[in-house]
Amino acid sequence: MGVVDVVRATEDFFRVVLNKDTSVIAVVPTEDGWNVRAEVIEDIEYLRERAKDDVVALYEVRLDRLLNILGFDRIDMRERDDFGSKG
């Protein structure tokens, strides 16, 4: 199983289980499977009511070698247009 299969399994999980579309931004093989990072547009109604930008959440997803989802965590959130500034 390759990266394309990992991306598909991750996207399917978010769509079916969480009812969210996702963009996979990183796939890293591990000894036991795969670590994936994915961005999801969060539907946070109170932000929309205040005319704020959409919120993008960054998730870390762990899959085993058979592409079963072992777990996932939301590790960061930001406004869609906020790419962070380092300086």
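Scroll up for the structure.
Residues numbered from 1 in each chain as written. Predicted model: local features only at pLDDT ≥ 70, side-chain atom pairs only at ≥ 80, totals over all residues. Heavy atoms only, no water.

Our focus in this paragraph is the packing of aromatic side chains. One pass over the full model with this rule turns up five aromatic pairs. Each ring, one from Tyr 59 and one from Phe 72, has its centre 6.1 Å from the other, and the planes form 45°; the classification is tilted. With Tyr 59 in strand E3 (residues 55–64) and Phe 72 in strand E4 (residues 69–79), the pair connects residues that are 13 residues apart, well separated along the chain. Look at Phe 72 and you get partly exposed, because its relative accessible area is 34%. (Phe/Tyr/Trp six-rings, centres within 6.5 Å; stacked < 30°, edge-to-face > 60°. Helix = DSSP H or I, 4+ residues; strand = E, 2+ residues; numbered from the N terminus. Buried < 20%, exposed > 50% of the residue type's maximum accessible area, 1.4 Å probe, protein only.)

A side chain of one charge can pair with a side chain of the opposite charge when the charged atoms of the two come close. Applying the stated rule across the entire model yields six salt bridges. A salt bridge links Asp 5 to Arg 8, with the nearest nitrogen and oxygen atoms 3.5 Å apart. One end of the pair is Asp 5 and the other is Arg 8, both in helix H1 (residues 3–17) and three residues apart, which spans about a single turn. The class for Asp 5 is partly exposed, based on a relative accessible area of 30%. (Salt bridge = Lys/Arg side-chain N within 4 Å of Asp/Glu carboxyl O.)

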